[in-house]
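Structural description and commentary
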Amino acid sequence: MTITEIARLAEVSVSAVSRYLNQGYVSEEKARRIKEVIEKNGYQPSKQAQSLRTKKSKVVGVILPKISSESIARMASGISQVLSDKGYQMLLTSTENDPKKEIQYLQLLNHNPVDGIIFSASVFDKAHREVLQKLQVPVVIVSQRFEGCACVYHDDYGAAAAMTQLLIARGRKRIAHIGVTQKDEAAGRSRTRAYQDALAGAGLLAPASMIEETGFTTDDGYEGMKRLWERHPDLDGVFCATDTLAVGALEYLKEAGRKVPEEISVTGIGHNRMSRVITPKLTTAHLHYRTSGVEAAKMLLEMMEQEQTVEKQLKLGFEIVEAESV
């Protein structure tokens, strides 16, 4: 069925049908007749035809680092919900934390019919900045603060400071840190700096030997805790940059016969499922990952509708979740 046939059956002009399909003004009576014809005949507008008329694809490219991650999955869910509600499709790509793939996907989407891009990466360098500056469609960065771009990010420093201060408040004085690469501004540099500042503020030492930089897996947390314990068997607290690392640390401490929290307390960040099912349950900071996806999608839609670059930056808060590990 074509819009010409719809117009004939509804006894209206073709232009009235076109305005109705594109959310333009049509009188209530004409809109009622057009709607009845469409519903009776099951008409579906051609997306290709709409794209040609509006020069919009109704597709948003979403580049995420690792969709198998719970936090990333929560973020993707928020993005998907908002885009779907507004009639957009999501073209999702996973980079597996590979900076080269991130650049490749940004370039690929820039030369394909997407109306905008939502992009998350752990590390930003000169190559990222160059390709972002060349994008011909609006882009929103999520989970990292990046100057010159619209962003939705978390209060990583505040959450890490709160988790370290909680250990201090419980009387812990020899507190170590299992962190991630300092090239990662959010999970790495900001959280490590907050740990150091919190200890300094309490008059406690944070020597380099008390900090273990590692990867992002539970195995990394396990091995990081093992190395720390071998260097400092008198530790009574450890702040982990993520819940996943904290779970690995707890596994090692159990095997080593250390009692948590009687002998040593452990905190993390993220509030993922593992933190709630492991024994003892993990004290952590809840980050609003799904909300970050929702807000990033809303921000991008606003930019696309206004057809202008909006360098708005939104920092989300956190919630302290006290459990059994402290």
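Residues numbered from 1 in each chain as written. Predicted model: local features only at pLDDT ≥ 70, side-chain atom pairs only at ≥ 80, totals over all residues. Heavy atoms only, no water.

The next thing to look at is the overall build of the protein. From N to C terminus, the protein includes 13 helices and twelve strands. Over its C-alpha trace the protein gives a radius of gyration of 25 Å, far above what one expects of a compact globule, namely 20 Å for 326 residues. Dimensions of the protein along its principal axes, counting C-alpha atoms only, are 85 × 40 × 30 Å. Burial analysis of the protein (326 residues in total) assigns 49% to the buried set. Considering only contacts within the protein whose residues lie at least 6 apart along the sequence, 69% involve residues at least 24 apart. Accessible area for the protein stands at about 16,100 Å²; split by element, carbon and sulfur atoms hold 49% of it. Of the side chains in the protein, 42 bear a positive and 41 a negative charge, and the two mean positions are spaced by 4 Å. (Helix = DSSP H or I, 4+ residues; strand = E, 2+ residues; numbered from the N terminus. Rg over C-alpha atoms; globule rule 2.2 N^0.38 Å. Buried < 20%, exposed > 50% of the residue type's maximum accessible area, 1.4 Å probe, protein only. Contact = heavy atoms within 4.5 Å. Areas by Shrake-Rupley, 256 points an atom, 1.4 Å probe, with all protein chains shown as cover. Lys, Arg positive; Asp, Glu negative; His and termini not counted. Charge placed at Lys NZ, Arg CZ, Asp CG, Glu CD.)

Along the chain, the position of His 154 falls in strand E5 (residues 150–154). Through-space distance from the C-alpha of His 154 to that of Thr 2 is 49 Å; in sequence the pair is 152 residues apart. Excluding residues within four positions of it along the chain, His 154 makes contact with Ser 143, Leu 287, His 288, Tyr 289, Ser 292, Lys 315 and Leu 316.

It is worth spelling out the sheet that holds strand E8 (residues 237–240) at this point. Taking strand neighbours across the sheet as the criterion, the four strands line up as E7-E6-E8-E9 in an open arrangement whose pairing is parallel. A strand with exactly one partner marks an edge of an open sheet, and here the two such strands are strand E7 (211–214) and strand E9 (265–267). Here the average twist between neighbouring strands, direction ignored, is 15 degrees. Sheet topology places strand E6 (residues 175–180) next to E7; four bridges connect them, and they run parallel. Among the inter-strand pairings, Gly 179 is bridged to a residue of E7, identified as Glu 213. Taken strand by strand, helix H10 (residues 218–231) contacts E6, E7 and E8, and its axis lies near 155 degrees from that of E7. (Pairing = 2+ DSSP bridges. Axes fitted to C-alpha atoms, helices over the stretch in contact; angles between N-to-C directions.)

The next point concerns helix H11 (residues 243–255). An α-helix turns once every 3.6 residues. As a result, residues three or four positions apart point the same way. Relative to the 18 Å expected for 13 residues at 1.5 Å per residue, H11 spans 19 Å between its end C-alpha atoms, a close match to the ideal helical length. Of all the residues in H11, the buried ones are Asp 243, Leu 245, Ala 246, Val 247, Gly 248, Ala 249, Leu 250, Tyr 252 and Leu 253. (Expected span 1.5 Å × (residues − 1).)

Let us now look at the confidence of the model for the protein. Averaged over all residues, the pLDDT of the protein equals 91, while 94% of them reach at least 70. Counted against residues more than four places away or in other chains, residues 47–54, with its pLDDT under 50, gives eight contacts. (pLDDT = per-residue confidence, 0-100.)

Before going further, it helps to spend a moment on the packing of helix H1 (residues 3–10) against helix H3 (residues 28–41). Orientation of H1 relative to H3, taken along the N-to-C sense of each, is 120 degrees, at an axis distance of 9 Å. With respect to their mutual orientation, H1 and H3 come out oblique. Note that H1 runs across H3; the crossing there is right-handed. Taken together, the residues of H3 that come into contact with H1 (itself represented by Ile 6, Leu 9 and Ala 10) are Arg 33, Ile 34, Val 37, Ile 38 and Asn 41. (Parallel < 35°, antiparallel > 145°, perpendicular 65-115°, else oblique. Left-handed = near helix turned anticlockwise from the far one by under 90°.)

Read from one edge of the open sheet, six strands run E2-E1-E3-E4-E5-E11, paired in parallel fashion. Of all the strands in the sheet, just strand E2 (89–94) and strand E11 (313–316) have a single pairing partner and so form its edges. Across the sheet, the mean angle from the axis of one strand to that of its neighbour is 15 degrees, orientation sign disregarded. In this structure, E5 lies alongside E11, joined through four bridges in parallel fashion. Considered in E11, the bridge of His 154 is made with Leu 316.

Within the secondary structure layout, Thr 164 lies in helix H8 (residues 156–169). When sequence neighbours within four positions are dropped, the list of residues in contact with Thr 164 reads Ile 175, Tyr 195, Ala 198, Leu 199 and Phe 239.

Moving on to the environment of Val 131. Among the structural elements, Val 131 can be located in helix H7 (residues 126–134). Leave out the neighbours within four places in its chain, and Val 131 touches Ile 103, Leu 106 and Gln 107.

Before going further, it helps to spend a moment on the pattern of salt bridges. Counted by the stated rule, this structure contains 16 salt bridges. A salt bridge links Glu 29 to Arg 32; the nearest nitrogen and oxygen atoms lie 2.5 Å apart. Separated by three residues within a single helix, Glu 29 and Arg 32 lie in helix H3, roughly one turn from each other. The exposure class of Glu 29 is partly exposed, given its relative accessible area of 39%. (Salt bridge = Lys/Arg side-chain N within 4 Å of Asp/Glu carboxyl O.)

Before going further, it helps to spend a moment on the packing of helix H6 (residues 99–110) against H7. It is at 10 Å that the axes of H6 and H7 come closest, and there the two elements cross at 10 degrees. Compared by their axis directions, H6 and H7 come out roughly parallel. The residues of H7 that touch H6, namely those facing Pro 99, Glu 102, Ile 103, Leu 106, Gln 107 and Asn 110, are Ala 127, His 128, Val 131, Leu 132 and Lys 134. Class assignment for the residues of the contact of H6 with H7 results in six nonpolar, three polar and two charged. (Nonpolar A, V, L, I, M, F, W, Y, C, P; charged D, E, K, R; others polar.)

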